[in-house]
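Topology and contacts: notes
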Amino acid sequence: MNIQESWHREAWRRAADRDPLVRFVDVNLRGASQVFLQNNPLTGLIILVAVCWGAISGRIPHVAIGAVVGLVVGTVTAMLLKVPRTPLRDGLYGFNPLLTGLAVALFLRPSPLMWLYLVIGAAATTVVTLAIGDVLKTWDVPPLTFPFVLTTWFLLLGAYQFARIRSGNLGPPSLPHPVDPRAAQVHVTGAFLTPSMLRDVSEVFLLANWVTGALILIALAVNSLWAAGFAVGGAVVSTLVALWFGASGKAISTGLYGFSAVLTAVALGCVFYRPSWRVVPYALLGVVFTVIVQAALNTALAPVGVAALTAPFVFATWLFLLPKRGLTPTRHRELPEHDVVGSGAGKAR
Amino acid sequence: MNIQESWHREAWRRAADRDPLVRFVDVNLRGASQVFLQNNPLTGLIILVAVCWGAISGRIPHVAIGAVVGLVVGTVTAMLLKVPRTPLRDGLYGFNPLLTGLAVALFLRPSPLMWLYLVIGAAATTVVTLAIGDVLKTWDVPPLTFPFVLTTWFLLLGAYQFARIRSGNLGPPSLPHPVDPRAAQVHVTGAFLTPSMLRDVSEVFLLANWVTGALILIALAVNSLWAAGFAVGGAVVSTLVALWFGASGKAISTGLYGFSAVLTAVALGCVFYRPSWRVVPYALLGVVFTVIVQAALNTALAPVGVAALTAPFVFATWLFLLPKRGLTPTRHRELPEHDVVGSGAGKAR
Amino acid sequence: MNIQESWHREAWRRAADRDPLVRFVDVNLRGASQVFLQNNPLTGLIILVAVCWGAISGRIPHVAIGAVVGLVVGTVTAMLLKVPRTPLRDGLYGFNPLLTGLAVALFLRPSPLMWLYLVIGAAATTVVTLAIGDVLKTWDVPPLTFPFVLTTWFLLLGAYQFARIRSGNLGPPSLPHPVDPRAAQVHVTGAFLTPSMLRDVSEVFLLANWVTGALILIALAVNSLWAAGFAVGGAVVSTLVALWFGASGKAISTGLYGFSAVLTAVALGCVFYRPSWRVVPYALLGVVFTVIVQAALNTALAPVGVAALTAPFVFATWLFLLPKRGLTPTRHRELPEHDVVGSGAGKAR
């Protein structure tokens with residue numbers, strides 16, 4: 001990171017300290033970056049641009065609006081509840097409501113009542129974030145995106161029972177059945193692989209758009225080359241594993257087998273553990289396990305007609321983080337100051 | 001509370017201290033009142049009368065007997081296991097087995113084997129109460145009615161596999177589907193709303209009977225006007241929200257969208273937090289969230305053919321109670337002695 | 001236990017201390033014995049012989065190989081992760097991967113990719129064992145076989161989505177329905193009961209083979225007559241209860257209602273509590289509850305097409321162990337040295 005960048009950062013930080021409005025914008029931008037476990041307003045800004053691009057080019061601009069509304073409502077709710085100041089400033093109360101807003105707008109049909117449902121859901125997500133955070137403090141693991149997953153499952157499952165909040169892209173509920181072997185026949189070329197892997201990144205925001213994925217990788221690289229690298233690694237490994245195991249080619253191409261794996265790779269590879277030759281095979285096993293959990297939740301949730309969201313990332317990352325306390329050699333919580341991974345991203349999570 | 005009432009209470013307490021039989025009756029009556037998070041034998045007595053009325057006028061008197069058998073078996077099991085004395089005396093080991101007994105008698109077809117199943121279930125509910133209480137102690141939140149919910153789910157799901165314990169009102173299991181918009185068309189009048197809201201209260205005991213609901217409100221008012229008020233508030237809000245969202249009119253009229261919300265309103269509004277202008281909007285969000293969780297569990301449990309029971313209340317209340325430790329302004333655990341909410345109801349929960 | 005046996009044990013222990021290869025064999029044999037909560041290499045050896053017998057006589061020899069591969073991969077993974085030495089030596093990182101390997105080989109169709117899937121699954125099971133162990137340390141209860149259950153559920157549910165990892169014996173997913181009363185009509189004779197009860201024991205390893213069951217009882221008796229006795233007790237009680245309630249005769253005869261109950265009986269009766277006249281009725285209630293949980297999970301898992309595995313044992317035993325901390329009279333954790341139950345089996349679990 002060169003001196004000029006640091007200078008810009010410093011100026012922004014001082015402006016945020018002085019002006020409440022700049023501070024509010026800063027908190028929300030950091031919130032957007034925390035979806036990828038980063039803590040950097042510029043990363044957040046590029047991510048929001050990427051989401052807008054994906055939503056607009058997919059002709060679903062209201063999904064980007066839903067994301068921003070969720071982000072702002074969630075952050076404001078946290079302020080009203082007088083949450084502790086440091087995690088608030090780091091954007092840790094923004095990223096879950098952002099995803100809730102995005103998912104509600106994507107899966108349900110737009111209507112005035114849908115927007116009310118979205119606002120209630122975003123506010124509830126902040127409460128759930130506090131609750132899950134309190135529970136997980138016991139084991140020193142972060143809530144990750146579980147508050148979003150849990151709240152959104154409630155909102156989407158609930159929508160089936162409400163005639164005035166209609167499903168757009170949900171379900172239909174069905175009994176699971178083995179995947180058709182023909183669906184798994186894929187002609188694997190670079191033209192298949194590259195956009196698939198970029199969509200692995202964009203699907204973290206439930207969008208299948210390779211440009212969005214590429215922009216997000218740039219956003220990550222701005223804050224941490226390691227994070228961008230592990231994101232690419234997660235996309236490559238998960239795509240190859242899903243192809244090898246014979247998952248549906250269409251699902252692979254849409255990025256559905258990779259988005260949780262991308263997050264797992266970033267989380268295990270360079271956020272909660274320090275990158276090392278010991279950590280890489282461990283993170284690799286974690287990424288492969290994430291692909292299996294993704295497939296498992298696709299099966300398990302079929303009868304109730306909702307998507308797995310980022311639950312595979314959450315479950316796999318929790319299971320691979322919890323052993324850390326007992327395992328001396330991989331206990332690398334504190335990132336050294338000279339490390340390329342910046343500013344203790346996600347430390348408070 | 002006037003002096004005379006206090007005098008009656010005092011006399012009863014002294015009789016309970018002296019006579020083991022009176023004490024046993026007292027413990028069981030308090031157990032009945034603890035379903036609504038109260039600790040008052042008179043409240044419990046009126047609640048039992050209300051349940052008997054509902055069961056008899058619905059021509060299912062054995063359901064009231066099931067409730068009483070569950071209550072007594074659960075309390076006796078707790079005594080045999082030598083549980084701590086104070087929570088036992090407060091009725092905290094009675095209310096979950098009471099509900100288990102009531103639900104088994106309601107959902108399964110009466111037969112000698114059903115009664116054995118009910119007794120086993122009530123005894124197991126006490127063990128599960130101890131287990132869940134031990135787990136939740138870590139975060140200082142109470143088990144609420146979760147021991148009843150968990151044990152009864154096991155008992156009802158299990159009944160499908162036992163030819164000699166037949167289902168009465170279960171299922172049938174089916175894939176969920178969006179509610180029919182015509183089912184949500186309701187002609188909203190006072191004649192629809194008032195009994196619906198009273199049934200919201202009675203459905204806490206799985207009975208759709210407005211007289212039972214009215215009697216329970218009286219039972220609450222005897223111990224705490226706040227509790228009765230928040231119960232009414234929970235019923236009003238949940239009914240209006242369910243109507244607005246377009247839930248099935250028949251389900252609303254039976255009280256199915258309100259009974260968990262009523263409990264959430266009492267729990268958040270005046271038992272675990274102290275009533276205040278800060279708590280009211282928080283409890284309001286909790287009540288609306290309970291309605292959404294209720295709808296979500298209706299969808300999620302459809303394929304396995306069991307009801308949500310009071311799980312929506314439990315999940316919503318846990319999620320809205322857990323943040324309390326981190327939130328100074330809403331940390332009102334101790335009820336002041338002069339407060340209208342009596343005798344620290346539910347304190348040990 | 002006579003002097004000669006002790007002498008043999010002593011010699012083996014010294015050889016294990018000296019020779020890393022003997023130690024590795026010892027750790028794996030203890031791992032096999034820990035499935036039944038024992039810590040004895042001879043018990044483990046006889047159990048492995050019993051599993052081989054069952055697999056070979058059922059013409060599925062690869063299932064026994066899967067078990068051994070899982071055991072070895074799991075143990076080696078634990079070594080690579082530098083887990084604490086004492087529980088490793090006691091075989092506590094071996095029994096869950098053993099069961100994962102066995103289940104993957106049994107439920108999925110053999111192929112090179114299946115073996116890779118099995119190895120990934122066994123390694124992941126060790127990570128999950130560490131994670132679950134860390135979580136449960138909070139309440140001083142052991143993971144039991146839950147790491148196997150959780151990981152295997154992920155692996156089997158996931159297999160539905162992978163065209164190149166085909167199901168052998170899974171599902172098909174279906175909505176649950178009440179058991180047919182004719183299926184519950186059983187002509188109960190000694191010729192029905194005895195092999196059924198022995199298969200209750202063998203089904204712990206997912207094998208329906210009465211000789212395997214008899215060999216396992218011998219294996220238990222070698223280490224602890226109490227364990228063998230409670231295993232028999234669990235089989236008898238669960239079979240009679242399942243017959244009485246009217247469970248499917250075929251399922252009872254295959255041992256499907258008894259294998260979790262056998263483990264619950266051993267765990268509650270003589271491993272975590274000390275055998276006594278107070279503990280016996282408590283363990284009895286636990287065994288009956290296990291049968292109900294087994295039936296409940298059969299219903300609940302039908303729509304997603306996977307088996308309950310040993311989850312009924314895990315859930316029932318956890319619920320019946322957790323109250324111990326609050327209950328003075330049944331708090332018999334430390335086994336006295338003169339007790340027939342040997343060497344504090346399962347103490348570290």
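Residues numbered from 1 in each chain as written. Chains lettered and ligands numbered in written order. Predicted model: local features only at pLDDT ≥ 70, side-chain atom pairs only at ≥ 80, totals over all residues. Heavy atoms only, no water.

1. Focus on the overall build of chain A
Of regular secondary structure, chain A possesses 15 helices and zero strands. Over its C-alpha trace chain A gives a radius of gyration of 19 Å, about what one expects of a compact globule, namely 20 Å for 349 residues. Here the C-alpha coordinates of chain A stretch approximately 55 × 50 × 40 Å along the principal axes. Taken across its 349 residues, chain A has 64% of its residues classed as buried. Put simply, of all contacts in chain A between residues at least 6 apart along the chain, 74% involve residues at least 24 apart. Surface exposure of chain A reaches about 12600 Å², of which carbon and sulfur atoms provide 67%. Here chain A holds 25 positive side-chain charges and 14 negative ones, and the gap between their average locations is 6 Å. (Helix = DSSP H or I, 4+ residues; strand = E, 2+ residues; numbered from the N terminus. Rg over C-alpha atoms; globule rule 2.2 N^0.38 Å. Buried < 20%, exposed > 50% of the residue type's maximum accessible area, 1.4 Å probe, protein only. Contact = heavy atoms within 4.5 Å. Areas by Shrake-Rupley, 256 points an atom, 1.4 Å probe, with all protein chains shown as cover. Lys, Arg positive; Asp, Glu negative; His and termini not counted. Charge placed at Lys NZ, Arg CZ, Asp CG, Glu CD.)

2. Let's talk about the pattern of salt bridges
Summed over the entire model, instances satisfying the criterion amount to 12 salt bridges over all chains. Linking Asp180 of chain A and Arg182 of chain A is a salt bridge whose minimum nitrogen-to-oxygen distance equals 2.8 Å. The class for Asp180 of chain A is partly exposed, based on a relative accessible area of 31%. Linking Arg89 of chain B and Asp17 of chain B is a salt bridge whose minimum nitrogen-to-oxygen distance equals 3.3 Å. Taken as a pair, Arg89 of chain B in helix H5 (residues 85–89) and Asp17 of chain B in helix H1 (residues 3–18) lie far apart in primary sequence, 72 residues in all. Classification of Asp17 of chain B as partly exposed rests on a relative accessible area of 47%. (Salt bridge = Lys/Arg side-chain N within 4 Å of Asp/Glu carboxyl O.)

3. As for the relation of the copies chain A and chain C
For the match of chain A to chain C, the screw axis carries a shift of 0.0 Å, the RMSD comes to 0.0 Å, and the turn is 120 degrees. Here the two chains are linked by the operation of a three-fold rotation axis. It is Pro303 of chain A whose C-alpha, among those of chain A, lies nearest the rotation axis, at 4.0 Å. (Least-squares fit on C-alpha atoms with pLDDT ≥ 70 in both.)

4. A few points about the interface of chain B and chain C
With 37 residues of chain B in contact, the opposing surface of chain C contributes 38 residues. A combined buried area of about 3300 Å² lies between chain B and chain C, and 76% of that area is made up of carbon and sulfur atoms. The largest share of the area that chain B buries against chain C comes from Phe154, Gln161 and Phe162 of chain B, three residues that together contribute 20% of it. Between chain B and chain C we count zero salt bridges in total. Here chain B and chain C share nine residue pairs in polar contact (both at pLDDT 80 or more) between them. For the side of chain B that touches chain C, the secondary structure elements donating two or more residues are helix H7 (112–136) and helix H8 (146–159) of chain B. If one sorts the elements of the side of chain B that touches chain C by residue count, H7 of chain B sits on top with 13 residues. Tallied by class, the residues present in the side of chain B that touches chain C amount to 28 nonpolar, five polar and four charged. (Buried area = accessible area lost by both parts, 1.4 Å probe. Polar contact = N/O pair within 3.5 Å; in protein donor to acceptor, adjacent residues only side chain to side chain. Nonpolar A, V, L, I, M, F, W, Y, C, P; charged D, E, K, R; others polar.)

5. Observations concerning the relation of the copies chain B and chain C
When chain B is fitted to chain C, the best match, at an RMSD of 0.0 Å, comes from turning it 120 degrees and sliding it 0.0 Å along the axis. An asymmetric contact is evident, with only 11% of the interface residues of chain B recurring at the interface of chain C.

6. Here we look at the interface of chain A and chain C
If you look at the interface, chain A gives 37 residues, while chain C gives 37 residues. Where chain A touches chain C, the interface holds zero salt bridges. The interface formed by chain A and chain C holds nine residue pairs in polar contact (both at pLDDT 80 or more) in total. Of all the secondary-structure elements, those providing two or more residues to the side of chain A that touches chain C are helix H11 (225–245), helix H14 (279–301) and helix H15 (311–321) of chain A.

7. A closer look at the packing of aromatic side chains
Residue and element names in this part refer to chain A. Applying the stated rule across the entire model yields 42 aromatic pairs over all chains. With centroids separated by 6.3 Å and ring planes inclined at 80 degrees, the aromatic side chains of Tyr117 and Phe162 adopt a geometry described as edge-to-face. With a gap of 45 residues between them, Tyr117 in helix H7 (residues 112–136) and Phe162 in the loop between helix H8 (146–159) and helix H9 (190–202) connect regions that are remote in the sequence. Tyr117 sits in the buried class, given a relative accessible area of 0%. (Phe/Tyr/Trp six-rings, centres within 6.5 Å; stacked < 30°, edge-to-face > 60°.)

8. Re the side chain of Thr126 of chain B
Residue and element names in this part refer to chain B. By secondary structure assignment, the location of Thr126 is in helix H7. Residue class for Thr126 comes out buried when judged on its relative accessible area of 0%. Among the polar contacts made by the side chain of Thr126, one reaches the main-chain carbonyl oxygen of Gly74 at a distance of 2.9 Å. When neighbours within four sequence positions are excluded, Thr126 is seen to be in contact with Gly74, Thr77, Ala78, Leu81, Tyr93 and Pro97.

9. Observations regarding the UniProt feature "site: Important for channel permeability" (unreviewed entry) in chain A
Residues and elements named next belong to chain A. The sites that UniProt annotates as "site: Important for channel permeability" (unreviewed entry) are Thr310. Here Thr310 shows up in the loop between H14 and H15. Look at Thr310 and you get buried, because its relative accessible area is 2%. In this view, Thr310 contacts Thr145, Phe148, Val149, Phe259, Ser260 and Leu263; residues no more than four positions away in its chain are not counted. (UniProt positions renumbered as here; feature names shortened; annotations may be inferred.)

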